Amino acid sequence: MTEKADVVVVGGGIAGLITARELGRQGVRVVVLEARDRLGGRVWTDHRLGRDLELGGTWLHWVQPHAWAEVTRYGLEVTRGPRPEEAYWLAGDEVRSGTLDAFMELIDPGMRRLLDGTMRWIPRPDAPAAAPGLASVDGFSVQDKLDELDLPVEEYRANEAAWVGHFNAPLQDGAFTSALRWTAATGGSWHLMHEASAVFRLAAGTRSLVEAIVADTRADFRTSTEVRHVEHHPDGAVVTTAAGERIEAGRVVLTLPQNLLGGLAVEPELSAGKRAASEEGTASRGVKIWIRVRGPIAPFFAYSSAAHPLSVARTEYVGDDDAVLVSFGADSRRISPHDIDAVREALRVWRDDLEVLEVTGHDWMADPRSRETWLMQRPHQLTRYSEEQRRPEGVLHFASSDNATVWAGFIDGAIESGLRVAREIGADLGAAR
Ligand SMILES: Cc1cc2nc3c(=O)[nH]c(=O)nc-3n(C[C@H](O)[C@H](O)[C@H](O)COP(=O)(O)OP(=O)(O)OC[C@H]3O[C@@H](n4cnc5c(N)ncnc54)[C@H](O)[C@@H]3O)c2cc1C
């Protein structure tokens, strides 16, 4: 017998969980189908290297309105890593060291010039593609625009490394408009953008957010349940799982990351724009690696350049006899989070006095449930696809951090998209009742 539900949500990441919570509050019968054996998707707190580490999304900030509303709602405590006492960067092959402030001063002129047109091109981050003529700027990559600045080599490499940290992608693949969007979300201040994306985290981990939402949600959650097929018509849809279960629903919410959405069998097929965005894929291709080193060490921050396997590394936890660093590289094919020798070698770019004890991470690019890290659009994708990626198709709705407006690619964006879709469906169901 085919089971029935009002709404099936495909995917139990933050976007799916928020959609389910909001619809459940309206008395809608929701079933959440999640392929993994856990909820949370690209946020995942796991016990590794002796600590609870974030393998995926981590940092949030009070300038991220949807994420902060959840912090307030559930009374979640926020903390930060130790303030860096030292900073390292490269000038050609030479290692420079100083304070983090000195590094920020070094990149400041490049950042200001690069981001000069932010509020002209993205005056309203909640309607990021709306500025007239934006398509002409959307064809550039961040690398194109950095190259135009003709910066002295030390400044150039330092700026590159800072953007790799943000973009998690080769800079020639990442859209310049993505840099503008991030900065527009903080009113044009690159310093605040920098802080918003990489400083404050949940003291009890993103796990605490996932658990709080689930405890607050009236829905039927099913993990280890992969959706294989969705057939829809004007009055409803049938969702079929890998195990062959069929669920009939009035509405279906698809929350798959952009790189996966086009690969799901949907009949009739998704719009050309949604399929093209998925086929092209996002620019994100990077890697996040956690590194335990022998301590004690002074907390530090280090930036290399886009050419190095690890562009950014910094101390996130300090203990009495060890410390844990978090690091990022632009291309997961160049360094594995499980290759301790490669990580040792990569750290030597800055310093050869660190004794690496253990490394860990998750290869999100190889993971068939994500195939991307956080959204980084390619040139043209904002103006060509963003609006279309949000547009419902009949009884199908699309929630994902990847199609959010203000903080697309962030936890905040996932929450925003879930709220939007729950409102779309709630309004339609209310009208039909
Ligand atoms: C390494 C890394 C670092 C990050 N750092 C930050 C950060 O510091 N701050 C920040 O705000 N954001 C960060 N992000 C981004 C943030 O984590 C994501 O944007 C957000 O969690 C995405 O939520 P989502 O619900 O849109 O997508 P997802 O979390 O990807 O949820 C989609 C869900 O769908 C499931 N699924 C896929 N296919 C199927 C199927 N066929 N059937 C059923 N289920 C399926 C997946 O398993 C997944 O659970 C980071 C992400 C990564 C990977």
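Within any chain, residue numbers begin from 1 and follow the written order of that chain's sequence. The predicted origin of the model limits local features to residues at a pLDDT of at least 70 and limits the giving and counting of side-chain atom pairs to 80 or more, whereas totals for whole chains, interfaces and linings rest on all residues. To obtain the side-chain values, all non-hydrogen atoms of the structure were used and water was disregarded.

The name an unreviewed UniProt entry assigns to the chain is Flavin monoamine oxidase family protein, from the organism Saccharopolyspora cebuensis. According to the UniProt record, the Sequence similarities (unreviewed entry) comment for the chain reads "Belongs to the flavin monoamine oxidase family." For the chain, the Cofactor (unreviewed entry) comment in UniProt is given as "FAD". UniProt positions are given in the numbering used here, feature names are shortened, and annotations may be inferred rather than shown by experiment.

### A look at the pattern of salt bridges
Each salt bridge in this description consists of a side-chain nitrogen of Lys or Arg and a carboxyl oxygen of Asp or Glu lying within 4 Å of one another. Applying the stated criterion across every chain, the model contains 40 salt bridges. In this structure, the salt-bridge partner of Lys4 is Glu248, at a minimum N-O distance of 3.5 Å. Highlighted residues: Lys4 in strand S1 (residues 3-10) and Glu248 in strand S12 (residues 246-254), separated in sequence by 244 residues. Assessed through its relative accessible area of 54%, Lys4 is described here as exposed. The partner of Asp322 in a salt bridge is Arg292, with the nearest N and O atoms 2.9 Å apart. Here Asp322 is found in strand S17 (residues 322-329), whereas its partner Arg292 is found in strand S14 (residues 287-294), with 30 residues between them in sequence. Take Asp322: its relative accessible area is 7%, and that puts it in the buried class. Residues participating in the shared-partner salt-bridge network are Arg51, Arg292, Asp322 and Glu358. A run of H or I in DSSP becomes a helix once it reaches four residues, and a run of E becomes a strand once it reaches two; helices and strands are each numbered from the N terminus. Accessible area is worked out with a 1.4 Å probe on protein chains only. A residue is then buried under 20% of its type maximum, exposed over 50%, and partly exposed in between.

### Some words on the UniProt feature "domain: Amine oxidase" (unreviewed entry) in the chain
Listed under "domain: Amine oxidase" (unreviewed entry) in the UniProt record, and renumbered for this structure, are residues 14-425. Secondary structure across residues 14-425 comprises 35% helix and 23% strand; the distance between its end C-alpha atoms is 18 Å.

### A short note on helix H13 (residues 340-347)
Turning to H13, its buried residues number three or more, namely Val343, Ala346 and Leu347. With its buried residues spanning 95° around the axis, H13 presents them on a single face. Check the buried side of H13 and you find it contacts S14, strand S16 (312-318), S17 and strand S18 (356-361). To be clear, the arc concerns the directions from the helix axis to the C-beta atoms. Contacts are assigned to residue pairs with any non-hydrogen atoms lying within 4.5 Å of each other.

### Some points on the side chain of Lys288
Within the secondary structure layout, Lys288 lies in strand S14. Although Lys288 lies buried, it forms no salt bridge, and the closest oppositely charged side chain, Glu54, sits 6.5 Å away as judged by the N-O distance. Whenever two N or O atoms come within 3.5 Å, that pair is a polar contact, provided that in protein one can donate a hydrogen and the other can accept it, and provided that, for residues adjacent in sequence, both atoms are side-chain atoms. In terms of polar contacts, Lys288 uses its side chain to reach the backbone carbonyl oxygen of Glu54, at 3.1 Å. Apart from the residues within four sequence positions on either side, Lys288 is in contact with Glu54, Leu55, Gly56, Thr58, Val326, Ser327, Phe328, Pro337, Thr360 and Gly361. Counted as positive: Lys and Arg. Counted as negative: Asp and Glu. His and the chain ends are not counted at all.

### Topic: helix H3 (residues 100-114)
To estimate how far a helix should reach, multiply one less than its number of residues by 1.5 Å. Look at H3: 21 Å from first C-alpha to last across 15 residues, which is about the 21 Å you get at 1.5 Å a residue. Axes are fitted to the seven residues ending at a residue and to the seven starting at it; the angle between these axes is taken as the bend at that residue. At Ile107, H3 shows its maximal bend, which comes to roughly 40°, and the proline Pro109 appears one to four places after that position. All of the buried residues along H3 are Leu100, Phe103, Met104, Leu106, Ile107, Asp108, Gly110, Met111 and Leu114.

### A look at the sheet that holds S18
Here seven strands make up an open sheet; going across it, the order is S7-S6-S15-S16-S17-S14-S18 and the pairing mixed. Strands with a single pairing partner mark the edges of an open sheet, and in this sheet they are strand S7 (94-98) and S18. The sheet shows a mean angle of 20° between the axes of neighbouring strands, direction not considered. The pairing criterion for strands is at least two bridges between them, as found by DSSP. Bridge analysis of S14 against S17 gives eight bridges, and the strand direction is antiparallel. Residue pairing for S17: Ile291 is matched across the bridge by Leu325. What counts as an axis is a line fitted to C-alpha atoms, over the stretch in contact for a helix, and the angles between N-to-C directions run from 0 to 180 degrees. Relative to the sheet, H13 contacts S14, S16, S17 and S18, its axis offset from that of S18 by approximately 110°.

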